[in-house]
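Observations on chain architecture
The chain contents come next:
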Amino acid sequence: MVDLKVCIGTSCHVSGAHNVIMTFQHMMEKYQLYDKVELGGTFCMGVCSGTTVAVSVNDTIYAIAPESARTFFKEHVLPLCQ
Amino acid sequence: MAEKQYMTVDGIPVEIEGEKNILEVLRKAGIQLPTFCYHSDLSIYGACRMCMVENEWGGLDAACSTPPKPGMKITTNNARLRRYRKNILELILANHCRDCTACENNQNCKLQDLAMKFNITDVRFPNTAVSNKNEDLSSLCISRDAGKCILCGDCVRMCNEIQNVGAIDFAFRGSKMKISTAFNMPIAQSPCVGCGQCAAVCPTGAIVVKNNIDPVWKAIEEPGVKTTVQIAPAVRVAIGKEFGIKNGENTMGKIVAALRRIGFDEVYDTSLGADLTVIEESEELLERLEDNEDLPLFTTCCPAWIQYCEKKHPEMLKNLSTSRSPMQMFASIIKDQATKSSRKSFHVAVMPCTAKKFEAARDEFKTDGMPNVDAVITTQELIRMIKESGIVFADLEPESIDMPFGTVSGAGIIFGVTGGVTEAVLRRVASNKNRSTLLSIATSGTRGMDGIKEFDVPYGDKTLHIGVVSGLGNAETIIGEVKAGKHFDLIEFMACPGGCVNGGGQPFIHREDLDARVDGLYKADRMHSIRRSEENPLIDHLYSDIIKGNVHRLLHVDYLKKGE
Amino acid sequence: MLKTREELDAFRAQAAAAYKRQTQKIIICGGTGCVAGGSLKVFDRLKELIEAEGIAVELDIQKEPHENAIGLKQSGCHGFCEMGPLLRIDPQGWLYTKVKVEDCEEIVEKTIKNGEFIDRLGYSKDGTVHKKQSDIPFYHKQTRIVLEHCGRIDANSINEYIAIGGFTAFEKALFDMTGDEIVDQISKSKLRGRGGGGFPAGRKWTQVRAQKATPKYIVCNGDEGDPGAFMDRSVMEGDPNRMIEGMMIAGVACGATEGYIYVRAEYPLAVQRLRNAIAQGEALGLLGDNILGSGFSFHLHINRGAGAFVCGEGSALTSSIEGKRGFPRVKPPRTVEQGLFGKPTVLNNVETFANVSSIINNGADWYLGYGTEKSPGTKAFALTGNINNTGLIEVPMGTTLREIIFDIGGGMRDGADFKAVQIGGPSGACLTKEHLDLPLDFDTLKTVGAMIGSGGLVVMDSNTCMVEVARFFMNFTQNESCGKCVPCREGTKRMLEILERIVAGKGEDGDIELLEELADTISNTALCGLGKSAPNPVISTIKNFRDEYEAHIYDKRCPAGACQKLKRIYIDPELCKGCSKCARQCPVNAISGKIKEPFSIDLSVCIRCGSCIEACAFHAVKEGK
């Protein structure tokens, strides 16, 4: 199971954390990954920047722009699900 | 500074300020001339001849179609004009069903109003009207009765000029003239999209909204049936005026209380469905932007718009969003929940909209052959139900909607006004979630009563070009531009000019009073702590619970297949 | 294809010469009336017989004429319709009346081969045979300007039209005059609209000329909907090029490049002749682009009506051409500013256009020499009803009714008494004995509450019921009302209701006053001319014949003896034997009496079926007034 976490701390919230969550949710629905990926929210991971959202994939932390959430999922999560 | 220009009305000078006809100048002078066929948004028809005024040479002019000129001297009221107006009213009444007590529009009728004002006590001609409500039962949205038609032409002009649908027009000539579809075909087979704007402008009871109150009462009183109801955003700011409350005031709390008194088991808010729509439609927009395919995305909350697209522009069906409307999304959830219970479920939607009656009956929105929304009643029908029940609406203590679907966002509430869906989507799509973003979206161009709004919004390293359209005539214009190659990323379409606040099922108001309803919705949004759909905690919950794995089945629809 | 003015002039000279060379011209009237009487069969038979004689026959003037050819032509309406089918022989100017196919052999033998006149085919009155058309009293007092060529030239040939001088006015307007000068001439001539409005044509053209928007349109109103009016039909059938030339001149004056002729669908022959004229004009290069190298283009289209009288109203007509419902629209905007397709439009009647070429050719002063001061020129009238000479006439404005009815019209038929004349059709009024010496022009008639209208004159004798006349016209108007405005749609319906009750013997006290009240409302508040003038026949008959209305209502009696339901059937007590046969025949048991004593009829039950009259062997049951 891929452990996918999105930070919903204050800074990430303002930067669009929910956008990322919703997008990831839809990607999982689209590719039917409920038994392969576990999506969850997490508290501050300490990489607050004011414009990016912290995402961790199997404990590797990334700071992504919410607009690139789809691309990120395709590049970093989808390959792990093969 | 330009010199002021005056005309003389009944001996009093009145300033002319660019009005296009004498009728509008007179309103400034405190005179309301009687009219049937005049409507400020429609072309001048000049057929009822009630607004004749006398000029200084003793000749008569129709005030609605004569432009004011400086130095003009007119008389608006003398014995001769009164006699003519009375005669015209008498002639209309002689060919009109005068069974007012049994009419849907009793006390809401311009003819009644003017007959009273002019003190018509006798009609000297035999009554030749034939009232027949059942001539054409094919429409789910409206009901027509030729015996109540005064042939003012407002419905024809609304359908042809503003909505560009052209389902009805005049047929035959002279006293045999009637409003008809082409070849008198049942209206459901005509280009009619069910927007109900014809009913909205009809001054008498000739075109009225279809009445679905009876099945609702029946379900409420049937034992073993759980009745649930959802209330659309636009309803809450339109119903109060009917009960003596200030126009545009948000009376949601009282509506909920009234519905509970009427007997509904659970009362909900369509704005939650709107939140779901925002989430789904935003994802769809982002996906299409990424793939650069099937742009622009067309919104699909409005069933009259969908029918317009299906009937007139089937080649554009691929641009339609596959998301269901808020009403249908919410109904899906309710019905899905209901399968877990043994009680029969009857779900009602209170809508400002006549076309929703049609949408509820569409095959796409049935589960196991049963519609997800069992009945749609309009604001007008709800008003009747409240009155029938003897409830004094103004005295009700406000109550809140039920759980587990009791949280909504402000973004969902503004769906009721043109530009609201777009604004809600932009709030979701914007990366920056602080207060200033809300403000910049509000002022980006989404708001305002213009029929066509066009503006740009930055998104990441792109700029989105957005269109917001209300009124189907305007829809036609923008589709023309899209076909000619103009680029848009998202276009919001609402069939009713101004959006759902001006829906066919809303109580009648004058254009000037529409703004109060719009302001009421924006105010409700401002008062909500949750302003964005994705911040509504229920959304998270629903997606990880009921909707998980069922996004497509519950929340999406395929119009394209139907189009093929 | 004529490419320059010089070429046109040369063509004209050639055509004129060819026309002159035709030693004889046999002109058969091809107007709808005579065609209905079989004139085309006469035409065919004559052609057959003449050719059988070995004589060369030309059906159109030829470039290379045969030296001894005679011309055989179908012309437009001569106007003397009562005497049709008509046949004219030139150069003598003789006229044969009521010509049948059987007469053709004699005509060929005696007249065509030997130049002899056949007396029995000539028009005779009081024992005198009038050989020449111009001698016939019917034509004496007429001044035929608009109808100048009707009955004289081949209606199917543009070549002949050019041969007799056609399109010289157009040439003059196109090359020798400025737009201002053309409009000036028309204004000076005081030509007023002949369709009924009487609006100065010059002023209309000036207004369109001044507009900036393009394209501009010239529209000709050939809808002629008045029952009994056929002036425009005759011009369109008999001299289409004359009317077209008028439109072309208007086009030059106002800068319009497109023209529309709106012809009612019930005039198929007119449509055919017009189509033919336009096709021939285009082939010659007189219509189309860059006419005669001048840079001026003019394209003509024909639009057919579809049976709606209201489409004779200007804005309803343009609406119909645009493909929309024939509804009149509110004014402003006026047609001269925003007419057809929202552009500046000159909309004139057929007869108005037909006057233009003469005015341009002869000058405004010449035109002012005819008619009256404020209404110069002539007017074509369709003369119908109870007179001897029904047909089409053209007289100078200002001619009196007496002259028209008794001199030209030949007086009342069967020596009947003159009662009234309806002028202006369903929008018009009736004129009575006291108006017989009134000069007919636009303004004089207005003073007596009447109008010339399009020119239909229906003459009535004492057997005509004036209430029924009012009912007839109101029925027509009601049927033709477009339905848009309340006063006309509902008001005329109620007026008709009342009138129908009156002629059926169910009139009530207060009906006349109610009619007058409705008439006042309708004429003041209706949206268009149809509605505004709809009550005119009623008001006029009430004014002049109120006693007839009262007789119908209070006495249940029709003084003219015309209304079926009010016919008085009575039993003459002197002749009745009391046999009861009539009573037994009566289907409604209206007759009662004792055997061997005179019976009587209850008129309130009687349905006027007439069975009793038939049944009585003693002729005691009679019909009276």
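Source: prediction; values computed, not measured.

Parameters and conventions
Residues numbered from 1 in each chain as written. Chains lettered and ligands numbered in written order. Predicted model: local features only at pLDDT ≥ 70, side-chain atom pairs only at ≥ 80, totals over all residues. Helix = DSSP H or I, 4+ residues; strand = E, 2+ residues; numbered from the N terminus. Rg over C-alpha atoms; globule rule 2.2 N^0.38 Å. Buried ≥ 20, exposed ≤ 12 C-beta atoms within 10 Å, placed from the backbone. Contact = placed C-beta atoms within 7 Å. Nonpolar A, V, L, I, M, F, W, Y, C, P; charged D, E, K, R; others polar. Core = buried A, V, L, I, M, F, W, Y, C linked by C-beta atoms within 7 Å. Pairing = 2+ DSSP bridges. Axes fitted to C-alpha atoms, helices over the stretch in contact; angles between N-to-C directions. Parallel < 35°, antiparallel > 145°, perpendicular 65-115°, else oblique. Left-handed = near helix turned anticlockwise from the far one by under 90°. Expected span 1.5 Å × (residues − 1). Domains from an automatic or database assignment.

**Let's talk about the overall build of chain A**
Of regular secondary structure, chain A possesses three helices and four strands. Reading chain A from its N terminus to its C terminus gives the helix and strand order β-α-α-β-β-β-α. On C-alpha atoms alone, chain A measures out to a radius of gyration of 12 Å, which is about the 12 Å that the 2.2 N^0.38 rule sets for 82 residues. Taken along the three principal axes of its C-alpha coordinates, chain A extends 35 × 20 × 15 Å. Taken over 82 residues, chain A has a buried fraction of 39%. Considering only intrachain contacts with a sequence separation of at least 6, the fraction spanning at least 24 residues in chain A is 66%.

**Some points on the overall build of chain B**
If you tally the helices and strands in chain B, you get 21 helices and 19 strands. The C-alpha radius of gyration of chain B comes to 25 Å, within 12% of the 24 Å expected for a compact globule of 564 residues. Residues counted as buried form 52% of the 564 residues belonging to chain B. Put simply, of all contacts in chain B between residues at least 6 apart along the chain, 73% involve residues at least 24 apart.

**Describing the interface of chain B and chain C**
Quite often, the size of an interface is put as the accessible area lost when its parts meet. With 25 residues of chain B at the interface, the matching set in chain C holds 25 residues. Those elements that provide at least two residues to the side of chain B that touches chain C are β4 (60-62) and α2 (79-94) of chain B.

**Some points on the interface of chain A and chain B**
On the side of chain B, 17 residues touch chain A, which itself brings 16 residues to the contact. For the side of chain A that touches chain B, the elements supplying multiple residues, two or more each, are α1 (10-15) and α2 (17-31) of chain A. Broken down by class, the residue content of the side of chain A that touches chain B amounts to five nonpolar, eight polar and three charged.

**Comments concerning the nonpolar core**
Among the nonpolar cores identified, the biggest contains 363 residues, and B:Ala495, C:Ile249 and C:Val421 are the most heavily contacted of them. Formed by twelve residues, the second largest nonpolar core is a distinct cluster that contains C:Ile571, C:Ala583, C:Ala590 and C:Val621.

**Thoughts on the sheet that holds strand β2 (residues 57-58) of chain C**
As a general point, the strands of a sheet are linked pairwise by backbone hydrogen bonds and lie either parallel or antiparallel. Residues and elements named next belong to chain C. On the basis of which strands lie adjacent, the open sheet formed by five strands has the order β2-β3-β1-β4-β5 and mixed pairing. A strand with exactly one partner marks an edge of an open sheet, and here the two such strands are β2 and β5 (94-96). Here helix α3 (residues 39-52) sits on the sheet in contact with β1 (24-29), β2, β3 (70-75) and β4 (87-90), set at roughly 155 degrees to β1.

**Observations concerning the packing of helix α15 (residues 420-429) of chain B against helix α16 (residues 435-446) of chain B**
Residues and elements named next belong to chain B. Following both chains from N to C, one finds α15 and α16 inclined at 140 degrees, their axes separated by 10 Å at the closest point. Considered as vectors, α15 and α16 are oriented oblique to each other. Of the two possible hands of crossing, α15 and α16 adopt the one that is right-handed. Of the residues in α16, those touching α15 at Thr422, Glu423, Leu426 and Arg427 are Leu438, Ile441, Ala442 and Thr446. Residues belonging to the contact of α15 with α16 are distributed by class as follows: four nonpolar, two polar and two charged.

**Thoughts on the arrangement of the chains**
For the two pairs of chains in contact, the largest share of contacts goes to chains B and C. Left apart from each other, chain A and chain C have a closest C-alpha approach of 52 Å.

**Some thoughts on helix α18 (residues 466-480) of chain C**
Residue and element names in this part refer to chain C. With 15 residues, α18 extends 21 Å from end C-alpha to end C-alpha; this agrees with the ideal 21 Å at 1.5 Å per step. Of all the 15 residues making up α18, twelve are buried; the element is thus mostly covered by neighbouring parts of the structure. Among the residues of α18, Met466, Val467, Glu468, Val469, Ala470, Arg471, Phe473, Met474, Phe476, Thr477, Gln478 and Glu480 are the ones counted as buried. Lining the buried residues of α18 we find β14 (418-423), α19 (486-503), α21 (529-533) and α22 (536-555).

**So, the sheet that holds strand β18 (residues 462-470) of chain B**
All names here are of chain B. Spatially, four strands are ordered β12-β19-β18-β17 in an open sheet, and the strand pairing comes out mixed. Across the chains shown, the open sheet's two edge strands, defined by having one partner strand only, are β12 (297-298) and β17 (452-459). Here two bridges tie β12 to strand β19 (residues 490-494), and the two strands are oriented parallel to one another. Following the sheet pairing, Phe298 is matched in β19 by Ile491. Helix-sheet contacts for α15 involve β17, β18 and β19, and the interaxial angle to β19 is about 150 degrees.

**Describing the domain arrangement of chain B**
Residue and element names in this part refer to chain B. What the domain assignment lists for chain B is domain 1 (5-77), domain 2 (90-209) and domain 3 (225-563). For domain 1 and domain 2, the distance between their C-alpha centres works out to 26 Å. Each partner contributes residues to the interface: domain 1 has ten residues there, and domain 2 has twelve residues. Partitioning the side of domain 1 that touches domain 2 into residue classes produces seven nonpolar, two polar and one charged.

**Description of the pairing of strand β1 (residues 2-7) of chain A**
The side chains of a regular strand alternate, residue by residue, between the two faces of the sheet. Residues and elements named next belong to chain A. Taken together, the six bridges between β1 and strand β2 (residues 37-42) define a ladder with parallel strand orientation. Note that in β2 the partner of Val6 across the bridge is Gly41. The pairing of β1 with strand β3 (residues 53-57) spans three bridges and is antiparallel. Pairing of Val6 across the sheet is with Val55, part of β3.

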